Amino acid sequence: MKRTVVIIGGGLAGIAAALRLIETEYKPILIESSRRLGGRATSFDDPRTGETLDNCQHVVMGCCTNLLDLYERLGVLESIAWGHSVYWTSGRGEIDELGAGWLPAPLHLAGAMRRMKLLSNVEKRHIAKAMWRIIRMGSKGRFEWRDSTFRAFLDHCKQPESVITRFWNVIVVSACNLDVDRCGAAFAIQVFQDGFMSNRFGYSVGLPTTPLRELYDPAISMIEQGGGEVRLGCSAKALAYDSRRITGVNTLDGMIDASAVMCAVPFDRLDKLVSSTLRKADTRLQKLDAFAYSPILGVHLFFDQTIMELPHLTVVDHDIQWVFNKGVDEQGRQHLHVVISAADVWMDLDEAEITRRLVKDIHSVLPKAKGLDPIRVRVIKEKRATFAPTPGIDSIRPGPASGTVGLAGGGVPNLYLAGDWTDVGWPSTMEGAVRSGYAASEAITGQGGLVDDIPTSLLGLALGLR
Ligand SMILES: Cc1cc2nc3c(=O)[nH]c(=O)nc-3n(C[C@H](O)[C@H](O)[C@H](O)COP(=O)(O)OP(=O)(O)OC[C@H]3O[C@@H](n4cnc5c(N)ncnc54)[C@H](O)[C@@H]3O)c2cc1C
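Since the model is a prediction, treat every value here as computed from it, not as a measurement.

Attention shifts here to the overall build of the protein chain. When its secondary structure is counted, the protein chain shows 13 helices and 20 strands. Taken over C-alpha atoms, the radius of gyration comes to 22 Å for the protein chain, in line with the 23 Å a tight globule of 466 residues would show. In terms of overall dimensions, the protein chain has a C-alpha envelope of 65 × 55 × 40 Å along the principal axes. Partitioning the contacts of the protein chain with sequence separation of at least 6, the portion at a separation of at least 24 is 70%.

Our focus in this paragraph is the domain arrangement of the protein chain. The domain boundaries assigned to the protein chain delineate domain 1 (3-39 + 212-290 + 390-445), domain 2 (97-202) and domain 3 (293-387). Domain 2 and domain 3 are separated by 26 Å when their C-alpha centres are compared. Looking at side-chain class alone, the side of domain 2 that touches domain 3 contains 4 nonpolar, 2 polar and 2 charged residues.

Reading across the sheet, the 7 strands line up as 8-7-16-17-18-15-19 and stay open at both edges, with mixed pairing between neighbours. Two strands close off the open sheet at either side, each with one partner strand: strand 8 (95-99) and strand 19 (376-387). Shown here is a sheet whose adjacent strand axes are inclined to one another by a mean of 25°, direction ignored. For strand 7 (residues 85-89) and strand 8, the ladder comprises 5 bridges, and the chain directions are antiparallel. Within strand 8, the residue paired with Val 86 across the bridge is Leu 98. Helix-sheet contacts for helix 11 (residues 351-365) involve strand 7, strand 15 (293-303), strand 16 (312-315), strand 17 (322-328), strand 18 (334-341) and strand 19, and the interaxial angle to strand 19 is about 100°.

Take unusual backbone geometry next. For the bond from Ala 105 to Pro 106, the omega torsion is 10°, close enough to zero to count as cis. With phi around 55°, Lys 158 is a residue other than glycine that occupies positive phi space. The class of Lys 158 is exposed, set by 10 C-beta atoms lying within 10 Å. Of note in this structure, Asp 317 is not a glycine but carries a positive phi near 65°.

Mapped onto the fold, Gly 62 is located in the loop between strand 5 (60-61) and helix 2 (65-74). For Gly 62, a count of 18 C-beta atoms within 10 Å corresponds to the partly exposed category. Remark: the alpha-carbon pair of Gly 62 and Gln 159, spanning 97 residues in sequence, is separated by 28 Å. Not counting residues within four places of it along the chain, the set of residues in contact with Gly 62 comprises Phe 201, Gly 202, Tyr 203 and Ser 204.

As a further point, take the site of the ligand. Near the ligand lie 37 residues; those nearest to it are Gly 9, Gly 11, Gly 39, Cys 56 and Ala 433. For the shell around the ligand, the secondary structure elements donating two or more residues are helix 1 (12-21), strand 2 (26-32), strand 15, strand 19 and helix 12 (430-445). Tallied by class, the residues present in the shell around the ligand amount to 15 nonpolar, 16 polar and 6 charged. The two domains that each donate at least three residues to the shell around the ligand are domain 1 (3-39 + 212-290 + 390-445) and domain 3 (293-387).

With that settled, consider the nonpolar core. Val 261 and Met 262 are the most contacted members of the largest nonpolar core, which totals 132 residues. Apart from the residues within four sequence positions on either side, Met 262 is in contact with Val 5, Ile 7, Ala 17, Tyr 416, Ala 418 and Ala 440.

With that settled, consider helix 1. With 10 of 10 residues buried, helix 1 lies mostly within the body of the structure. For helix 1, every residue scored as buried is listed here: Leu 12, Ala 13, Gly 14, Ile 15, Ala 16, Ala 17, Ala 18, Leu 19, Arg 20 and Leu 21.

What follows is about the packing of helix 6 (residues 161-176) against helix 7 (residues 185-197). In the contact formed by helix 6 and helix 7, the axes pass within 10 Å of each other and the chain directions differ by 100°. In this view, helix 6 runs roughly perpendicular relative to helix 7, as classed from their interaxial angle. Each of Ile 171, Val 172, Ala 175 and Cys 176 in helix 6 lies in contact with helix 7, whose residues at this interface are Phe 187, Ala 188, Val 191 and Gly 195. A breakdown of the residues in the contact of helix 6 with helix 7 according to their chemical character gives 7 nonpolar, 1 polar and no charged.

So, how was this worked out
Residues numbered from 1 in each chain as written. Predicted model: local features only at pLDDT ≥ 70, side-chain atom pairs only at ≥ 80, totals over all residues. Helix = DSSP H or I, 4+ residues; strand = E, 2+ residues; numbered from the N terminus. Rg over C-alpha atoms; globule rule 2.2 N^0.38 Å. Contact = placed C-beta atoms within 7 Å. Domains from an automatic or database assignment. Nonpolar A, V, L, I, M, F, W, Y, C, P; charged D, E, K, R; others polar. Pairing = 2+ DSSP bridges. Axes fitted to C-alpha atoms, helices over the stretch in contact; angles between N-to-C directions. Buried ≥ 20, exposed ≤ 12 C-beta atoms within 10 Å, placed from the backbone. Near = placed C-beta within 6 Å. Core = buried A, V, L, I, M, F, W, Y, C linked by C-beta atoms within 7 Å. Parallel < 35°, antiparallel > 145°, perpendicular 65-115°, else oblique.

Right, here's the structure in full:
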């Protein structure tokens, strides 16, 4: 008889955990309150048109080794189109292409940086100095900055304001969903160390070529064929706790008994599942109210002709931060997706005002769009997009299993936690979510665990990057 693990939450963390558990003597029962898997990284049928739209463009980076491992298990790796250039524009018609040259990592992007027209030579020298600092401090050095903002680090490196707004903030706000004034320095430094410097592939941009939800379609049959179960439309209401261990999960459809329970839901959802007795018994559940969300605005725009050829644009000096080219249909209509991270000020604006501001920027950065209005717009405000990776938050992110010391001390032994906000050492990303699922599954079974990162280049190692 296989022992049953109920996994609450069918986002990437829950899917990843279930796929690892079926390889062992455990039987996962994955319960998901919505009618499909994928959580925040999925698609929906737009009730206005019936069309399938992603809730937001989701970018995979080359350094996301665990996410790519999950895609490989699901057999959908081919659905990711890779680009090895990042295109930047400030809207004056000039486009800078940031891509690897012939130098080994961590210097592979230096040539392209030197050619960037967006930045003056003085600005580039400032960036080079701070980059050198980031390389030499290594992963240990960034730990020393864990309680400071990235702005404090940049000030320490004497970075001028123009460089902060036109370079550092552009990358940090997209990767961490907080601007440099609020983002924890260790999170931001990690993005540059692991994503842009450690090896030549880490910064590459992967974009799904199918609606996001199709990436998870194979998961249900794989879990079922592996002896597990997937219950869609099933909401957990409470964790059943007998003062010693979790005995199961109370759902709207009744009680599901379990040998162990993994909560793979965001912190505020977990908070709702926990009784005061359980909270007292497990220190990991006592600081859930210290986490906060940061919002993202995603807007689908449809034009009646092709106005953008590149796969994406990173935009500076404008409100819009990224424009993604989602393709052209048989009638020649182009679908673009605009993303604005850390979008607090956009949440109270109505669709008409958001569209007005976005179209102004689109006209400015895409010369072919001049004078054209979109034929259709769909605004998606994700108020609860990601947890806010603020300074010091890492110290209260709970681990997958109850431990014996600190925040993980004195926990309930058969309660496991997963989700992008748990202690995975990454900001709120799909990679973080998959890492958490793999780690929680390993904590239960003692098998599996994380896959290796791409090795750091020899030059990187020699310079102390790791
Ligand atoms: C707009 C937006 C843009 C993003 N862009 C990127 C990007 O470009 N790259 C990137 O890497 N990441 C991006 N992210 C972050 C990424 O989507 C998340 O980090 C990741 O999907 C989180 O996965 P998860 O499994 O931890 O949580 P979730 O995806 O939130 O999954 C939790 C699941 O639990 C379910 N659930 C909740 N409560 C219950 C309950 N009581 N019972 C049963 N089920 C329940 C929910 O329905 C949900 O499906 C973005 C997020 C958003 C919102």
